[in-house]
Amino acid sequence: MLNERGFSLMEALTGATISVIAVLGLAYSFGVGRGLVNRYEVARAALGEAQSQLESLRLLRPGDPTLAFGYVSPPTPFRYEGATLGNSNWRVLAYDEPSLPGTRNLKRVVVTVRWQQDARTDSVSLERLWRP
Amino acid sequence: MATLTRPLRTERGLSLTEVTVVMILGTMIMAGLVGFYLASQGLWLDASTQVITQREASLVASAVRDSVRNAGWARATSVPDSLHEQLALYKSRTDPVPYYYFWWSGGDSLVHAGPSVGGAGSGPMVLSRADRFQFSTSAASGPVAVRMDLRLRTANGATVEVGTFATCRN
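Here the structure is a predicted model, which is why all the values come from computation and not from measurement. (Residues numbered from 1 in each chain as written. Chains lettered and ligands numbered in written order. Predicted model: local features only at pLDDT ≥ 70, side-chain atom pairs only at ≥ 80, totals over all residues.)

Describing the pairing of strand S2 (residues 83–95) of chain A
All names here are of chain A. Bridge count for strand S1 (residues 76–80) against S2 is 5 bridges, and the pairing is antiparallel. Residue pairing across strands places Thr-76 opposite Ser-88, the latter belonging to S2. Following S1, the chain reverses through 2 residues before pairing antiparallel with S2; Glu-81 in that reversal takes a positive phi of roughly 50 degrees. Inspection of the sheet shows S2 paired to strand S3 (residues 106–117) by 10 bridges, in the antiparallel sense. In the strand pairing of S3, Gly-86 is matched with Trp-115. (Pairing = 2+ DSSP bridges. Helix = DSSP H or I, 4+ residues; strand = E, 2+ residues; numbered from the N terminus.)

Concerning helix H1 (residues 9–57) of chain A
Compared with an ideal rise of 1.5 Å per residue, which puts 49 residues at 72 Å, H1 of chain A spans 71 Å between its outermost C-alpha atoms and is within 8% of the ideal. For H1 of chain A, the set of buried residues is Glu-41, Val-42, Ala-45, Ala-46, Gly-48, Glu-49, Ala-50, Gln-51, Ser-52, Gln-53 and Glu-55 of chain A. Check the buried side of H1 of chain A and you find it contacts S1, S2, S3 and strand S4 (120–130) of chain A together with helix H2 (16–70) and strand S8 (159–167) of chain B. (Expected span 1.5 Å × (residues − 1). Buried ≥ 20, exposed ≤ 12 C-beta atoms within 10 Å, placed from the backbone. Contact = placed C-beta atoms within 7 Å.)

Section: the sheet that holds S3 of chain A
Residues and elements named next belong to chain A. Sheet architecture is open: 4 strands sit in the order S1-S2-S3-S4, paired in antiparallel fashion. Each edge of the open sheet is held by one strand with a lone partner, namely S1 and S4. Each strand axis lies, on average, 30 degrees off the axis of its neighbour in the sheet, ignoring direction. Both S3 and S4 contribute to a ladder of 11 bridges, which runs antiparallel. The partner of Arg-108 across the bridge, within S4, is Leu-129. (Axes fitted to C-alpha atoms, helices over the stretch in contact; angles between N-to-C directions.)

Listed below in structure tokens is the structure:
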């Protein structure tokens, strides 16, 4: 019978090609996943750097000029596993808390770590509100 | 009887060439699938062990940071060596006995924590071995600040580094 003749070579080749494309897509997704693991490894380290930076700012006196409104710190190197991947700095912004009097009643200290990895620029920011 | 045994055109089966082509194609596809499976499994295991160690490094950093913040004073000592140090936390600067420790054990190369070194209630914090577990403290003025640098080794030999900084607030 006509419907029992099986597959032709062209049908088999078409099926194989589709399977190969599907498998390559799956393989690509695994590769992307591994790349994300590496990317977020540095991101975790950058977050730790930002937390440490923010914590070290607590040691400064409240009237320190590096915590004045509008201050932007010079960049300091961000190192991971012996290599300098980028830099970090902090800036001090005014923050208006409606329940407090005045319009510049809190300092918003933002620490940003930027780094370059595999031709991609990433950054992580961490902020904390301070009483002036 | 002769009519019954005569081979039909549609039941002639496969030629040797057809069988060979199908087998070659099948073998190539199966080899590709098996290779892909093994490669992806290796990649998956590699990524998983890396992520587990990254999480463990973050956990240690977070635990040290929280403990230092809750302490009143901290002291780091190069025990057992300068690459693997011990942090003792005190409730206050005048307290003679620490109430909590973080240390590296040479027996299992793991980071441990507890109220006493090797005593009851103490044990490893994570399962990844630590290549480096260093502390530095500073208290020029104001509260004691503690800097921790940790390097963990994954099951497949890669390393994960993490650092944290915290100040004693009690």
